[in-house]
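Chain residues, written in single-letter form:
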Amino acid sequence: MFESPRKSVKVLKSRSESQEELHEMQLVYPMRSDDRYQKKKKKKQPKHKREKRAVLVPETCAEESPATVSEKRRIGEKCSAISTDDPIVRGIFKIEKKSCDVVLTATRLIWTQIQPETPTGESDARRHEEYLELREVFAVKVKRRRSIGQQTGGTLLGLTLFRCVRKGPKLKDEALHLNNLSADHCEVWFKHLKEIINGYQDRPKSLKVFVNPVSHRKEAYQLYRDEVAPLFKLADVKADVTVTQRKGHALSVLKECKLDDYDGVVVVGGDGSVAEVVHGLLLRAQMDAGRDTDSIFTPVRAALPLGVIPAGSTDIVACSVHGIRHPVTAAMHIIMGHHQAVDVCSFSSQGQLLRFGFSAMFGFGGRTLALAERHRWMPPSQRREFAMIKSLANLKPEDCEVSFLLQKQAQGTTQEPKCAEKVKDIGGRSSEEDKEWQTVQGLFLNISIMAIPCICSMAPRGLAPTTRLDNGGMALIAVGNTSKSEFIKHLKRYSSVNNEFSFTFVETHSVQAVKLRPRFRGGWADEPSEENGEFDSKNRPIISSEGTYPWNIDGDLLELPSELLIRVHPQLITLFGVNMEETEESPIKCSCI
Ligand SMILES: Nc1ncnc2c1ncn2[C@@H]1O[C@H](COP(=O)(O)OP(=O)(O)OP(=O)(O)O)[C@@H](O)[C@H]1O
């Protein structure tokens, strides 16, 4: 007769044609205030306590990390340290088919199974309380039994609470059914529960959602409709959805839409879509603040937090901020209003802002992407593997000059450049900052600059494991010239437990700015190497002979003719998520090397 209390929203949805449904309560009954327990207690309360009781909603709505809440205090634990919160309402519900005495306080729902008295009238010493923290709850619905096809009405069965639970790095929804057939009773409880849940101010009520229908296997819309939208509906979060029609669509909407209407922006797609929306949100913030982006400027923060629902092929941003590639986890972080400040890079060339983003790769990373883009006709994973193998086969170093400004607190711990010639400190400039620039030049197989750890299936600890989401710095990883076999050894270590940086030809720094200037402008002809003699029509130069260089910026190919300046801007954007220092998933091996 009653649903399992552990039924997830997905299961509930699939049962919408069946007997029991969940609804908002229609408030047709007058409010009762005849709770005996409450009255009795109230008389005994000192004045200051009564005043406290009047505040049903916690004053601060800062969410405790779900890990802390749910790992320590699970339903069913013996309740040894029950909060001293005063009861708001008390009554009887059936929970998991057992009659329970249930108490609601401002922070917890506490219940005790009702035991029949023994013939001698002794109380049972084994009685124990169970509880759940209300800050884990994101929805309360009235539960009714309906016949198949019935749209309205139905027999009232009680209330259902939906809460967010953590299972390792994953978050999911879980239902707790409070069964009671009295409409009066349920109405009072519904009102109080709703009031408490609505008091958590960090949780968004209205979202602007961008779905990229062509991400990865073109499943983003279906994924949003089936896995995410039902959760938003359950949590009463309004979603204004734009299915993007072309590259740049989300950016143009963000430049013009009325952001005041929303509490957050959500992107359903891969890293390219995320980068576009991050850039759009930040560009909009600079426009609104009247910043001149064609100069060295201090950017203002994005006005709204961003949620990332992973639906792409690599999903580096989602993995870095959620610790896992799991759309329901991402949706739960949004619903619960978990906020994580994240550092952002700006990429400028010739004094002009090109975009905001999180990561850039030059050399092997840029060439591989350029090659993959030239083979768009191949399925995504196949073209990535093909491009990787082809770039490895034709591996060659780039001659460039790299200047970098060390992150302030990391200056004492930096290494001396080892894979290139240390040129000089750039002297002769007036500002103190300029004097701190260090410059190296030489041959590099790859140079990565990353403001976030860049966790992905190929690198479960991250492509830049030494940086954090919000530490105000970027990792500069410069891989100097070496043999192909040594370079492959270095790449392979990203998917193993060994240190990928413990090679003489790799140097890493924590930096706040990097300038990279290629020194040879002979184009990037994809010439056959000694190992790979064949040269067909598909192997024409990656970039024309105009002297542009391929950069991989957040998975997007940027072809730039000259120096690129990359600066980090600490905590410039807020993402929905939590700082996962390390993913708890077992490392996934990269299959392509
Ligand atoms: N309707 C559309 N048609 C073509 N391209 C689009 C459309 N909507 C968005 N885009 C662009 O598609 C690009 C790639 O999308 P996205 O990053 O979401 O998927 P992906 O490349 O499969 O995933 P990943 O970046 O994680 O590897 C983005 O730059 C985005 O701007």
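Residues numbered from 1 in each chain as written. Predicted model: local features only at pLDDT ≥ 70, side-chain atom pairs only at ≥ 80, totals over all residues.

By the naming in an unreviewed UniProt entry, the protein chain goes by DAGKc domain-containing protein and is assigned to Anguilla anguilla.

Time to look at the overall build of the protein chain. Each helix and strand in the protein chain was counted, giving 14 helices and 23 strands. In the protein chain, buried positions account for 42% of the 593 residues. Contacts spanning at least 24 positions in sequence make up 72% of the contacts within the protein chain whose residues lie at least 6 apart. (Helix = DSSP H or I, 4+ residues; strand = E, 2+ residues; numbered from the N terminus. Buried ≥ 20, exposed ≤ 12 C-beta atoms within 10 Å, placed from the backbone. Contact = placed C-beta atoms within 7 Å.)

In the Ramachandran plot, Glu96 falls in the positive-phi region, its phi being about 50° despite a non-glycine side chain. Following the sequence through the fold, Glu96 ends up in the loop between strand 2 (89-95) and strand 3 (98-104). Despite not being glycine, Asp315 shows a phi value in the positive range, around 55°. Within the secondary structure, Asp315 is located in the loop between strand 12 (306-310) and helix 9 (316-322).

Moving on: the site of the ligand. Surveying the vicinity of the ligand reveals 23 residues, the closest of which are Gly269, Gly270, Gly272, Ser273 and Gly312. Ranked by residues supplied to the shell around the ligand, first place goes to helix 8 (residues 271-288) with four residues. (Near = placed C-beta within 6 Å.)

One finds Val268 and Leu281 to be the most contacted residues of the largest nonpolar core, which totals 137 residues. Ignoring anything within four residues of it in the chain, the contact list for Leu281 reads Leu254, Val265, Ala302, Leu304, Leu306 and Ile573. Grouped together as the second largest cluster of nonpolar side chains are six residues, Leu369, Ala370, Ala387 and Met388 included. (Core = buried A, V, L, I, M, F, W, Y, C linked by C-beta atoms within 7 Å.)

We now examine helix 12 (residues 380-393). In this model helix 12 runs 20 Å from its N-terminal to its C-terminal C-alpha over 14 residues, within 8% of the 20 Å that 1.5 Å per residue would give. Among all positions of helix 12, only Arg384, Ala387, Met388, Lys390 and Ser391 are buried. Where helix 12 is buried, its residues meet helix 11 (364-374). (Expected span 1.5 Å × (residues − 1).)

It is at 9 Å that the axes of helix 6 (residues 220-234) and helix 10 (residues 327-336) come closest, and there the two elements cross at 30°. Here helix 6 and helix 10 pass one another in a crossing that is right-handed. Listed contacts from helix 10 to Leu223, Glu227, Val228 and Leu231 of helix 6 are Pro327, Val328, Ala331 and Ile335. In terms of residue class, the contact of helix 6 with helix 10 is made up of seven nonpolar, no polar and one charged. (Axes fitted to C-alpha atoms, helices over the stretch in contact; angles between N-to-C directions. Left-handed = near helix turned anticlockwise from the far one by under 90°. Nonpolar A, V, L, I, M, F, W, Y, C, P; charged D, E, K, R; others polar.)

Below, the discussion takes up the UniProt feature "domain: DAGKc" (unreviewed entry) in the protein chain. With numbering aligned to this structure, UniProt lists the feature "domain: DAGKc" (unreviewed entry) at residues 202-351. Helix makes up 39% of residues 202-351 and strand 23%, and the two end C-alpha atoms of the span are 38 Å apart. (UniProt positions renumbered as here; feature names shortened; annotations may be inferred.)

Looking now at the environment of Met474. Within the secondary structure, Met474 is located in strand 19 (residues 474-480). With 171 residues separating them along the chain, Met474 and Ala303 place their C-alpha atoms 23 Å apart.

So, on to the pairing of strand 10 (residues 238-243). In the sheet, strand 9 (residues 206-211) pairs with strand 10 via six bridges, with the strands oriented parallel. In the strand pairing of strand 10, Phe210 is matched with Thr242. In this region the chain leaves strand 9, passes through helix 6 and returns to the parallel neighbour strand 10; the handedness of that crossover is right-handed. (Pairing = 2+ DSSP bridges. Right-handed = clockwise from strand over helix to strand, strands pointing away.)

Where helix 7 (residues 249-256) contacts helix 8, the axes come no closer than 8 Å and their chain directions differ by 20°. When the axes of helix 7 and helix 8 are compared, the pair comes out roughly parallel. With respect to the hand of their crossing, helix 7 and helix 8 are arranged in right-handed fashion. Together, Ala250, Leu251, Leu254 and Lys255 of helix 7 and Ser273, Glu276, Val277, His279, Gly280, Leu281, Leu283 and Arg284 of helix 8 make up the contact between the two elements. Class assignment for the residues of the contact of helix 7 with helix 8 results in six nonpolar, three polar and three charged. (Parallel < 35°, antiparallel > 145°, perpendicular 65-115°, else oblique.)

What follows concerns the confidence of the model for the protein chain. A residue-level look at the protein chain finds 73% of positions with pLDDT of 70 or above and a mean pLDDT of 79. When the criterion is pLDDT under 50, residues 582-593 qualifies, and its contacts beyond four places in sequence or with other chains add up to 24 contacts. What the predictor reports for the complex is a pTM of 0.79 with an ipTM of 0.96. (pLDDT = per-residue confidence, 0-100.)

Moving on, we get to the environment of Leu516. On the secondary structure map, Leu516 appears in strand 20 (residues 506-518). Leu516 gets classed as buried once you count the C-beta atoms within 10 Å, which come to 26. A C-alpha to C-alpha distance of 21 Å links Leu516 and Ser391, two positions 125 residues apart in sequence.

Moving on to the pairing of strand 16 (residues 398-406). The buried fraction of strand 16 amounts to seven of the nine residues, a majority that puts the element mostly inside the structure. By the bridge criterion, seven bridges tie strand 16 to strand 18 (residues 438-450) in an arrangement that is antiparallel. In the sheet register, Asp399 faces strand 18, and the bridge partner there is Leu443. Pairing analysis gives seven bridges linking strand 16 to strand 20, with the strands arranged antiparallel. Within strand 20, the residue paired with Phe404 across the bridge is Val514.

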